[in-house]
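A structural walkthrough
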Amino acid sequence: MEGMDHDMGSMAPPPSMNGTTTMPHQKMMMHMTFFWGTNAEVLFSRWPGTNTGMYYVALLFVFALAVLVEWLSHCRIIKAGSGHVAAGLVQTLLHCLRVGLAYMVMLAVMSFNAGVFLVAVAGHTLGFLLFGSRVFRKPVEDEKGSDLPPMSC
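Residues numbered from 1 in each chain as written. Predicted model: local features only at pLDDT ≥ 70, side-chain atom pairs only at ≥ 80, totals over all residues. Heavy atoms only, no water.

Some points on the confidence of the model for the protein chain
Mean pLDDT for the protein chain: 80, with 73% of residues reaching 70 or above. Per-residue pLDDT, averaged within each element of the protein chain, yields its smallest value for strand β1 (residues 20-22) (54) and its largest for helix α3 (residues 114-131) (95). (pLDDT = per-residue confidence, 0-100. Helix = DSSP H or I, 4+ residues; strand = E, 2+ residues; numbered from the N terminus.)

Description of the packing of helix α1 (residues 52-74) against α3
As a packed pair, α1 and α3 sit with axes 7 Å apart at the nearest point and diverge in direction by 35°. Crossing geometry of α1 relative to α3 is assigned as right-handed. Within the contact between the two elements, α1 uses Tyr55, Leu59, Val62, Phe63, Ala66, Val67, Val69, Glu70, Trp71 and His74 and α3 uses Gly115, Val116, Val119, Ala120, Ala122, Gly123, His124, Leu126, Gly127, Phe128 and Phe131. A breakdown of the residues in the contact of α1 with α3 according to their chemical character gives 15 nonpolar, five polar and one charged. (Axes fitted to C-alpha atoms, helices over the stretch in contact; angles between N-to-C directions. Left-handed = near helix turned anticlockwise from the far one by under 90°. Contact = heavy atoms within 4.5 Å. Nonpolar A, V, L, I, M, F, W, Y, C, P; charged D, E, K, R; others polar.)

Points about helix α2 (residues 84-109)
Because an α-helix packs 3.6 residues into every turn, residues spaced three or four apart end up facing the same way. If you check α2, its first and last C-alpha atoms are 37 Å apart, about what 26 residues at 1.5 Å a residue would give, namely 38 Å. Every buried residue belonging to α2 is among Ala87, Leu94, Arg98, Leu101, Ala102, Val105 and Ala108, and all of these are buried. Looking at the buried residues of α2, the elements they touch are α1 and α3. (Expected span 1.5 Å × (residues − 1). Buried < 20%, exposed > 50% of the residue type's maximum accessible area, 1.4 Å probe, protein only.)

Here's the deal with the side chain of Ser73
Positionally, Ser73 belongs in helix α1. The exposure class assigned to Ser73 is buried, which follows from its relative accessible area of 11%. At 2.9 Å, the side chain of Ser73 forms a polar contact with the backbone oxygen of Val69. (Polar contact = N/O pair within 3.5 Å; in protein donor to acceptor, adjacent residues only side chain to side chain.)

Brief notes about the packing of α1 against α2
Between α1 and α2, the least distance of the axes is 9 Å, while the angle of their chain directions is 150°. In this structure, the crossing between α1 and α2 has a hand that is left-handed. Where α1 approaches α2, its residues Phe61, Val62, Leu65, Ala66, Leu68, Val69, Leu72 and Ser73 are matched on the opposing element by Leu94, Leu97, Arg98, Leu101, Ala102, Met104, Val105 and Ala108. By residue class, the composition of the contact of α1 with α2 is 14 nonpolar, one polar and one charged.

Points about α3
With 18 residues, α3 ought to run about 26 Å at 1.5 Å a step, and its terminal C-alpha atoms sit 26 Å apart, in line with that. The complete set of buried residues in α3 reads Ala114, Gly115, Val116, Val119, Ala120, Gly123 and Gly127. In this structure, the buried side of α3 is in contact with α1 and α2.

A closer look at the nonpolar core
Counting residues in hydrophobic clusters, the biggest one holds 20 residues, and the most contacted among them are Val42, Leu59, Val62, Leu101, Val105, Ala108 and Val116. Here the element with the most residues in this core is α1; it accounts for eight residues. Apart from residues no more than four positions distant in its own chain, Val62 is found in contact with Val42, Val105, Ala108, Val116, Val119 and Ala120. (Core = buried A, V, L, I, M, F, W, Y, C linked by side-chain atoms within 4.5 Å.)

Some details on the environment of Phe61
Topologically, Phe61 is positioned in helix α1. When its relative accessible area of 33% is taken as the criterion, Phe61 is described as partly exposed. Between the C-alpha atoms of Phe61 and Gly123, which are 62 residues apart in sequence, the distance is 10.0 Å. If we skip the residues at most four places from it in the chain, Phe61 touches Leu43, Trp47 and Met104.

Brief notes about unusual backbone geometry
Of note in the backbone geometry, Leu43 takes a positive phi value of approximately 70° without being a glycine. On the basis of relative accessibility, which here comes to 27%, the residue Leu43 falls in the partly exposed class. Its identity is not glycine, yet Phe112 carries a phi of approximately 65°, on the positive side. Structurally, the position occupied by Phe112 is in the loop between α2 and α3.

Pasting the structure below:
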């Protein structure tokens, strides 16, 4: 048929049998299934790369992000008697920070690295244990909970 261009050169190649995809003109492989290993990209291009020490730094970073998300979900920063506008602005800022950090944890897990997935779950678990459970909390009769509503997925 005349005038019909069927150039398929811009289409992404199909995934290989091991669940990875290579991009044209690049040496990077993107995993589409969970994998074990220290050769990964987490959140940023070429980070941590092939350096095993930096991989462990990336795991620690994801763990800390997950703990911080749980802390923000259960913290009480706004004092009773604060002005409604000031309290609302602080609450909005806390919500923005919590959602942004939660999305960063989600994007890190989307690297499909099993170690990253496990430290994200462990960080959320430890964060909830420390800040959300009754284990370390003193009973208070007028307990509101936190400044932010629960996260909804």
